[in-house]
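Chains, contacts and geometry: an overview
Listed below, chain by chain, are the residues.
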Amino acid sequence: IPRPEHQRKTIPDDLLFPPIVEGLLYLQPSSRHREYARLAREGKRIVLLSNPVTHRDTSGCGIDNFREVRRLTRYLIAQGARRVCFVITVGGSLDLVPERINGYRTALRDAGLPVDERLVLNHPYPPEELLARTRQLLESDRTIDGAISGGRDAYKTILRAASETGKRVPDD
């Protein structure tokens, strides 16, 4: 949840742009668009990685979330997985969630595999609840033989839940 504007910390220019720095590559967070726009107006060159561009003097490059999750799911299927779960944490950007889930569903359909919505955990659960739900999913469906994570926190959750349910990664 974004913090109110008055609570946001700004990055001091002397840290961002010491005398020898001419530009900035920045990955996170996307909540600093006003700051990026100000720096761009001042002539600083900025490239936002994996963030939408909201200022005409700022460049950006993004990730095709649909294609990359489809590619990851296809990889698991090519390795023999037939029941792939998808755990995604809803972080700062809700608009990427449907793209990622659609990439997952498309890969399953392309391979002639059923799409079982029970294998998709995509709600904004607190970390402890996401872990409990992932553990419950792995315990209740022992046929799950692959997992895709939709982010770093989801990845950690899958690994921990797998360990706690006796699944060996990558063997099981």
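So, here's what we can say about the structure. Per chain, residues are indexed from 1 in the order of the written sequence. In keeping with the model being predicted, local features are shown solely for residues with a pLDDT of at least 70 and side-chain atom pairs are shown and tallied solely at 80 or more, while totals for entire chains, interfaces and linings include all residues. Only heavy atoms go into the side-chain values, all of them from the structure, while hydrogens and water stay out.

1. Some words on helix 6 (residues 152-164)
Residues separated by three or four positions in an α-helix point in the same direction, a consequence of the helix having 3.6 residues per turn. We count a stretch as a helix when DSSP gives it H or I for four or more residues in a row; a strand needs E for two or more, and each element gets its number in order from the N terminus. By this rule the span expected of a helix is its residue count minus one, scaled by 1.5 Å. For helix 6, which comprises 13 residues, the first-to-last C-alpha distance of 18 Å matches the rise-based estimate of 18 Å (1.5 Å per residue) to within 8%. Elements that come into contact with the buried residues of helix 6 comprise strand 4 (84-88), helix 5 (127-140) and strand 6 (146-150). Two residues or fewer after helix 6 comes glycine 166, characterised by a positive phi angle close to 80°. We call two residues in contact when some of their heavy atoms are within 4.5 Å.

2. Focus: the sheet that holds strand 5 (residues 120-121)
Spatial ordering of the open sheet is given by 5-4-6, a layout of three strands whose pairing is parallel. Where the open sheet ends on each side, the last strands, each with one partner, are strand 5 and strand 6. Each pair of strands is called paired provided DSSP finds at least two bridges between the two strands. Pairing of strand 4 with strand 5 involves two bridges; the strand directions are parallel. Paired with phenylalanine 86 across the strands is valine 120, a residue of strand 5. Geometry is summarised by axes, namely lines fitted to C-alpha atoms with helices restricted to the contacting stretch, and by angles between N-to-C directions that run from 0 to 180 degrees. Sheet contacts for helix 3 (residues 65-78): strand 4 and strand 6; angle to strand 6, the most-contacted strand, approximately 165°. Strand contacts of helix 4 (residues 96-110): strand 4, strand 5 and strand 6, with the helix running at about 175° to strand 4, the strand carrying the most contacts.

3. A few points about the nonpolar core
In this description, a nonpolar core means a group of buried Ala, Val, Leu, Ile, Met, Phe, Trp, Tyr and Cys residues linked to one another through side-chain atoms lying within 4.5 Å. Exposure categories follow from relative accessible area, calculated using a 1.4 Å probe and restricted to protein chains: below 20% of the type maximum is buried, above 50% is exposed, and the middle band is partly exposed. Grouped together as the largest cluster of nonpolar side chains are 29 residues, with contacts concentrated most on Phe86, Val87 and Tyr104. Elements with a contribution of two residues or more to this core: helix 3, strand 4, helix 4, strand 5, helix 5 and helix 6. Among residues more than four places away in sequence, those in contact with phenylalanine 86 are Val69, Arg100, Ile101, Tyr104, Leu119, Val120, Leu121, Ile148, Ser149 and Gly150.

4. Let's talk about the side chain of threonine 73
Here threonine 73 is to be found in helix 3. On the basis of relative accessibility, which here comes to 0%, the residue threonine 73 falls in the buried class. Those residues in contact with threonine 73 that sit more than four places away from it in its chain are Tyr104, Ala107, Leu108 and Ile148.

5. Notes on the environment of glutamine 136
Along the chain, glutamine 136 falls in helix 5. Separated by 29 residues in sequence, glutamine 136 and threonine 165 place their C-alpha atoms 8.8 Å apart.

Just geometry here; none of it tells us what the structure is for.
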